[in-house]
Amino acid sequence: MKYIPTPELQHFTSSCLSGTKMGEVVIQGFLEAYSCKPDKNEAKLFHSMKNKVAKQISSSPSLFTQKMASSPLGPINHTSTIQLLAQLISTLNNSLPDYDFSNLQASDFVHESNLDFVVNRINEQLLNYALEAKHHGIRKKFWDTLDFVINLKK
């Protein structure tokens, strides 16, 4: 996974998410883009996780069967689920290098399939009316910028 410098996201971050004061709250955030092509660290993490899952399955098949079915990312014994988990962890490790997210598990994530729900939550929690009043048009600018970078409408 490689950081992709994106002027549109950098501009949005610097103009709207860097130190915006909202009463007693200060918004300090950033938007970044990363490639989905795995790097050496992600490949190593994937293989480590795959081996860990195989070991857990062999040591306690009945207990692990219950865990496999309940993963929010999908069945944890599937290669695609392990790959997704490795991508999520790698993204967090790359975007916040002062922290180590390597011990996260699939159960630490939530899969939300309803895009409208996600949009509404972001609008309510991050792009709320107070921020909209301070930065007129921020919601439209945010979603247009995000759509430009990752093509949300597909």
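Preceding this paragraph is the structure being described.
Computed from a predicted structure; not experimentally measured.

**Structural notes on the nonpolar core**
Nonpolar side chains in soluble globular proteins tend to end up buried together. Among the nonpolar cores identified, the biggest contains 14 residues, and Met49, Ile76, Leu85 and Ile89 are the most heavily contacted of them. Within the residue set of this core, elements represented by two or more residues are helix H2 (40–59) and helix H4 (79–95). In this structure, Met49 is in contact with Ile82, Leu85, Ala86 and Ile89, ignoring residues within four places of it in sequence. Judged by nonpolar contacts, the second largest core, of 11 residues, contains Leu17, Ile27, Phe142 and Leu146.

**Regarding the packing of helix H1 (residues 7–17) against helix H7 (residues 138–150)**
Taken N-terminus to C-terminus, the directions of H1 and H7 make an angle of 155 degrees; their axes are 10 Å apart at the nearest point. Taken as axis vectors, H1 and H7 run roughly antiparallel relative to one another. Viewed along their axes, H1 and H7 form a crossing whose handedness is left-handed. Across from Glu8, Leu9, His11, Phe12, Ser15 and Cys16 in H1, the residues of H7 making contact are Ile138, Lys141, Phe142, Thr145, Phe148 and Val149. Residues belonging to the contact of H1 with H7 are distributed by class as follows: 7 nonpolar, 3 polar and 2 charged.

**Quick look at H4**
In a regular helix each residue adds 1.5 Å, so 17 residues correspond to 24 Å; H4 covers 24 Å between its end C-alpha atoms and thus fits that length. If you check which residues of H4 are buried, you get Thr81, Ile82, Leu85, Ala86, Ile89, Ser90 and Ser95. Those residues of H4 hidden inside the fold are in contact with strand E4 (33–34) and H2.

**Some details on the layout of surface pockets**
One number sums up the size of the largest pocket: a volume of about 1,300 Å³. Contributions of two or more residues to the lining of the largest pocket are made by E4, H4, helix H5 (115–125) and H7. The residue makeup of the lining of the largest pocket, split by class, is 21 nonpolar, 7 polar and 2 charged. Roughly 400 Å³ of internal volume is contained in the second largest pocket. Surrounding the second largest pocket, 19 residues form its lining, Gln56, Ile76, Leu85, Gln105 and Ala106 being those nearest its centre. Secondary-structure elements contributing two or more residues to the lining of the second largest pocket are H2, helix H3 (61–70) and H4. A total of 6 residues in the lining of the second largest pocket trace back to one element, the largest contributor, which is H2.

**Some remarks on the side chain of Ser71**
Checked against the element boundaries, Ser71 lands in the loop between H3 and H4. For Ser71, the side chain forms a polar contact with the main-chain oxygen of Gly74, separated by 2.9 Å. Residues contacting Ser71, with those up to four places away along its chain left out, are Ile76, Thr81 and Ala106.

Procedures and definitions
- Residues numbered from 1 in each chain as written.
- Predicted model: local features only at pLDDT ≥ 70, side-chain atom pairs only at ≥ 80, totals over all residues.
- Heavy atoms only, no water.
- Core = buried A, V, L, I, M, F, W, Y, C linked by side-chain atoms within 4.5 Å.
- Buried < 20%, exposed > 50% of the residue type's maximum accessible area, 1.4 Å probe, protein only.
- Helix = DSSP H or I, 4+ residues; strand = E, 2+ residues; numbered from the N terminus.
- Contact = heavy atoms within 4.5 Å.
- Axes fitted to C-alpha atoms, helices over the stretch in contact; angles between N-to-C directions.
- Parallel < 35°, antiparallel > 145°, perpendicular 65-115°, else oblique.
- Left-handed = near helix turned anticlockwise from the far one by under 90°.
- Nonpolar A, V, L, I, M, F, W, Y, C, P; charged D, E, K, R; others polar.
- Expected span 1.5 Å × (residues − 1).
- 1 Å grid on protein atoms, 1.4 Å probe; cavity = no way out; pocket = protein on both sides within 12 Å on 5 of 7 lines; lining within 4 Å.
- Points joined across faces, edges and corners; volume = space filled by probe spheres on them.
- Polar contact = N/O pair within 3.5 Å; in protein donor to acceptor, adjacent residues only side chain to side chain.

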